[in-house]
Amino acid sequence: MNSVKYSGDTVLDIISLHAPNRNRSIEKLIVENLKLDVYNQTMKILEFGAGKGEFIRRFIPRKNLNLFAVEIDTSYVKSLSSIVKVFNSMDEVSVELDCIYLIDVLEHLENDQFFLKQFYDKLKVGGRLFIYVPARMELYSSFDKKIGHFRRYTLKELRTKATAEGFTIEELRYHELLGYVASWINKLFGNNGDLNPTAVKMYDKILVPLTNFIEKLIPVPIGKSIYLSARKY
C-alpha cells in the first residue's frame with residue numbers, strides 16, 4: 001500500500017487530549033443507537049475511518065463485539081492492526097456486518113453518496129448505521145477547508161442521501177447546541193484554520209456538559225453536529 005497520511009493528525013491529538021467529555025458523549029450515542037447493550041450475541045461492528053482508534057479502543061472490552069476497521073492512513077493502520085482487523089477500503093470487507101459507524105468522517109468524502117451505498121451493501125438485513133458529522137454550511141470555516149471537509153450537513157441533506165440508498169432513518173438530530181455558537185466565534189476569530197487546544201479544553205469542560213443537560217430535556221433546533229441512526233430492512 002502506498003504511504004497515506006491524514007492531514008488532521010494534530011486535530012485528532014488535540015480532541016483526544018482535551019475533549020474527553022465530548023468523546024464520552026459521542027461514545028454514549030454510539031452505544032445507544034447501535035443497541036450495543038441490548039444484544040447478547042456476538043455482533044460484527046466496523047468503524048469506517050477509525051483514525052488512531054479513539055472510539056474503537058473503547059469497545060474492545062465488550063466481549064460480545066467482533067470489531068473491524070477501515071482506515072487508509074498507513075501509520076494508523078499499523079497501530080490499529082495490533083488490536084483489530086483492518087481493511088483499507090470497503091471493497092475489501094469480507095464479512096456481513098451488524099453495524100457500521102463513522103465519527104466525523106463522511107464530510108471528508110467527496111462522493112459521500114457512493115460510500116453510503118457501500119455501507120448499505122455490507123450490512124446484513126436489519127443492520128444498523130450510525131453517522132456523526134459536522135452541521136450547517138454557514139459554519140464552514142478556514143478550519144473546515146484546512147482539514148479537508150467538503151461540506152457540513154443539514155438534517156434534510158443527510159436524510160435524503162441516506163434514504164436514497166435504501167436506509168430507514170430511526171433517529172436524526174442536531175447535537176452540540178452551544179457548540180454552534182462556539183463554532184461561529186471560531187469562524188470569526190480563528191482565521192488561520194488551526195484548532196486552539198485551550199479553547200477546546202474550555203469548550204469541553206464548560207459547554208459540553210451544559211449542552212448535554214439541555215439536550216436531555218428538549219430536542220434542539222440547531223447544533224454544530226448531526227447524528228443519524230438508520231437501519232437496512
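**Student:** Is there a simple way to think about the sheet that holds strand β6 (residues 168-175) in this case?
**Tutor:** Each strand in a sheet pairs with its neighbour through backbone hydrogen bonds, running either in the same direction (parallel) or in the opposite one (antiparallel). Reading across the sheet, the 7 strands line up as β3-β2-β1-β4-β5-β7-β6 and stay open at both edges, with mixed pairing between neighbours. The open sheet is flanked by β3 (85-87) and β6, the only strands paired with a single partner. The mean inter-strand angle of the sheet, taken between neighbouring strand axes irrespective of direction, is 15°. Where strand β5 (residues 123-134) lies against strand β7 (residues 225-231), 7 bridges are found, and the strand directions are antiparallel. Its bridge partner lying in β7, L129 is registered against A230. Contacts from helix α5 (residues 112-122) reach β1 (43-48), β4 (97-103) and β5, with the element oriented near 150° to β5.

**Student:** Hey, could you run me through the pairing of β4 in this one?
**Tutor:** In regular strands, side chains alternate between the two faces of the sheet. The element β4 is largely enclosed, with a buried count of 7 among its 7 residues. Here 3 bridges tie β1 to β4, and the two strands are oriented parallel to one another. Looking across to β4, one finds that E47 is bridged to Y101. Two strands pair when backbone bridges link them, and β4 and β5 are joined in this way by 6 bridges, in the parallel orientation. Looking across to β5, one finds that I103 is bridged to Y132. After leaving β4, the chain enters α5 and then returns to the sheet as β5, a path that is right-handed.

Basis of the calculations
Residues numbered from 1 in each chain as written. Predicted model: local features only at pLDDT ≥ 70, side-chain atom pairs only at ≥ 80, totals over all residues. Heavy atoms only, no water. Pairing = 2+ DSSP bridges. Helix = DSSP H or I, 4+ residues; strand = E, 2+ residues; numbered from the N terminus. Axes fitted to C-alpha atoms, helices over the stretch in contact; angles between N-to-C directions. Contact = heavy atoms within 4.5 Å. Buried < 20%, exposed > 50% of the residue type's maximum accessible area, 1.4 Å probe, protein only. Right-handed = clockwise from strand over helix to strand, strands pointing away.

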